[in-house]
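Take a look at the letters that make up each chain.
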Amino acid sequence: MIRLLYLSHAASTISEEQVQEILLSSRRNNSASSITGILVHGGGLFMQVLEGPESDVLRKYVKILDDPRHSGAQILCISPVKNRIFEKWSMGGIASDPLQFQHIATLRARRLEVIDENTFTETMREFAQRLRSPQ
Ligand SMILES: Cc1cc2nc3c(=O)[nH]c(=O)nc-3n(C[C@H](O)[C@H](O)[C@H](O)COP(=O)(O)O)c2cc1C
């Protein structure tokens, strides 16, 4: 199993309804392919965590890359994992203002270095705590 974290730029025309549509289709599709994760959006950015079997996650990521509702995706972290952080969410959604992207920006600033596994896991656990109810 792997966990993949990426950041992308939302299309400038994207509406709140479109983000909700993305979440709805993600939940439907991901439950079928045993992918879990979260989608954080705000300040013109998306950040998504996808976790699950390696081939499923990579196939899904490649599909998502083609979606015109965002662009410029950059993988921040990809690692083999034993456990899921978002096991209860086929795709949790978090609306985040630009300031709340601070943690992610920190991770991005270090993208050329090895991201400390604990920093990453802690940041993800904070996100998991902010998801109020399982989807
Ligand atoms: C930022 C972003 C994240 C997405 N995340 C997922 C996802 O986790 N799972 C998924 O199936 N589709 C996701 N999508 C949508 C896919 O790009 C694609 O539209 C969808 O899988 C097609 O679903 P359909 O075949 O049911 O129409 C995402 C799109 C964007 C822009």
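This report concerns the structure included in the present document. On a predicted model such as this, the values are computed, not experimentally measured, just so you know.

Thresholds applied
Residue positions are given per chain, counted from 1 along the sequence in the order it is written. At least 70 in pLDDT is required for a residue's local features to be given in this predicted model, at least 80 for side-chain atom pairs to be given and counted, and no such filter applies to totals for whole chains, interfaces and linings, which use all residues. Side-chain calculation: all heavy atoms of the structure are included, whereas hydrogens and water are not. Exposure categories follow from relative accessible area, calculated using a 1.4 Å probe and restricted to protein chains: below 20% of the type maximum is buried, above 50% is exposed, and the middle band is partly exposed. The numbering of helices and of strands both runs from the N terminus, where a helix is a DSSP run of H or I of at least 4 residues and a strand a run of E of at least 2. Strand pairing is defined by DSSP finding a minimum of two bridges between the two strands. We place a 1 Å grid over just the protein atoms. Points where a 1.4 Å probe fits but has no way out form a cavity, open points with protein on both sides within 12 Å along at least 5 of 7 lines form a pocket, and any residue with an atom within 4 Å of a point lines it. Grid points are joined across faces, edges and corners, and a volume is the space filled by probe spheres set on the points. Here the term charged refers only to Asp, Glu, Lys and Arg, the term nonpolar to Ala, Val, Leu, Ile, Met, Phe, Trp, Tyr, Cys and Pro, and the term polar to all other amino acids, Gly among them. Pairs were defined over the aromatic rings of Phe, Tyr and Trp, the Trp ring being its six-membered one, requiring ring centres within 6.5 Å. Orientation was assigned from the angle between planes: stacked under 30 degrees, edge-to-face over 60, tilted for the rest. The term salt bridge refers to a pairing of a side-chain nitrogen on Lys or Arg with a carboxyl oxygen on Asp or Glu at a separation within 4 Å. By convention a nonpolar core is built from buried Ala, Val, Leu, Ile, Met, Phe, Trp, Tyr and Cys residues, the set being connected through side-chain atoms within 4.5 Å. We call a residue near a given molecule or strand whenever any one of its heavy atoms falls within 4 Å of it. Each polar contact in these results corresponds to two N or O atoms within 3.5 Å; when the atoms are within protein, one needs to be able to donate a hydrogen and the other to accept it, and residues that are neighboring in sequence are counted only if both atoms are side-chain atoms. The Shrake-Rupley method, run with a 1.4 Å probe, gives the accessible areas here. Residue values count only the displayed protein chains as cover. Throughout, a molecule is located in a cavity or pocket provided that more than half of its atoms lie within 2 Å of its grid points.

### Quick notes on the pairing of strand β2 (residues 36-42)
Stage number 1. Burial of β2 is extensive: seven of the seven residues sit out of reach of the surface.
Stage number 2. Burial along β2 is two-sided: Thr36, Ile38, Val40 and Gly42 facing one way and Gly37, Leu39 and His41 facing the other are all buried.
Stage number 3. Between β2 and strand β3 (residues 45-52), which follow one another and run antiparallel, lie two residues, and Gly43 among them has a positive phi close to 60 degrees.

### Remarks on the layout of surface pockets
Stage number 1. Taken as a whole, the largest pocket holds about 320 Å³ of empty space.
Stage number 2. As for the largest pocket, its lining consists of 17 residues, of which Ile22, Ser26, Ile64, Asp67 and Arg69 are closest to the centre.
Stage number 3. When the residues that make up the lining of the largest pocket are grouped by side-chain class, the tally is seven nonpolar, six polar and four charged.

### Comments concerning the packing of aromatic side chains
Stage number 1. Scanning all chains against the criterion turns up two aromatic pairs.
Stage number 2. Between Tyr6 and Tyr61, the ring centres sit 5.2 Å apart and the planes meet at 55 degrees, which makes this aromatic pair tilted. On the criterion of sequence distance, the pair formed by Tyr6 in strand β1 (residues 2-10) and Tyr61 in helix α2 (residues 54-65) is long-range, its members being 55 residues apart.
Stage number 3. Geometrically, the ring pair formed by Phe86 and Trp89 is edge-to-face, given 6.5 Å between the ring centres and 70 degrees between the ring planes.

### Re the pattern of salt bridges
Stage number 1. Using the criterion set out here, one finds three salt bridges in the structure.
Stage number 2. We note a salt bridge from Arg3 to Glu51, for which the minimum N-O separation is 2.9 Å. Of the two residues, Arg3 sits in strand β1 while Glu51 sits in strand β3, which places them 48 residues apart along the sequence.

### Observations regarding the nonpolar core
Stage number 1. Core analysis: the largest hydrophobic core is formed by 16 residues, its most contacted members being Leu5, Ile38, Met47, Val49, Phe86, Met124 and Phe127.
Stage number 2. At the level of secondary structure, the elements contributing two or more residues to this core comprise β1, β2, β3, β4 (70-80) and α4 (117-130).
Stage number 3. Broken down by element, the residue count for this core peaks at three residues, all from α4.
Stage number 4. If you look at the next biggest cluster of nonpolar residues, it comprises 15 residues, including Tyr6, Leu23, Phe46 and Ile64.

### Focus on the site of the ligand
Stage number 1. Around the ligand there are 17 residues in total, and Ser26, Asn29, Asn30, Lys60 and Asp67 lie nearest to it.
Stage number 2. In the model, an oxygen atom of the ligand is placed 2.9 Å from a nitrogen or oxygen of the Lys60 side chain.
Stage number 3. Considering the ligand on its own, with 630 Å² of exposed area, one finds that the protein chains cover 81% of that surface.
Stage number 4. A molecule is said to occupy a pocket when more than half its atoms come within 2 Å of that pocket's grid points, and by this definition the ligand occupies the largest pocket.
Stage number 5. Secondary-structure elements contributing two or more residues to the shell around the ligand are α1 (16-32), β3 and α2.
Stage number 6. Counted by class, the shell around the ligand contains seven nonpolar, five polar and five charged residues.

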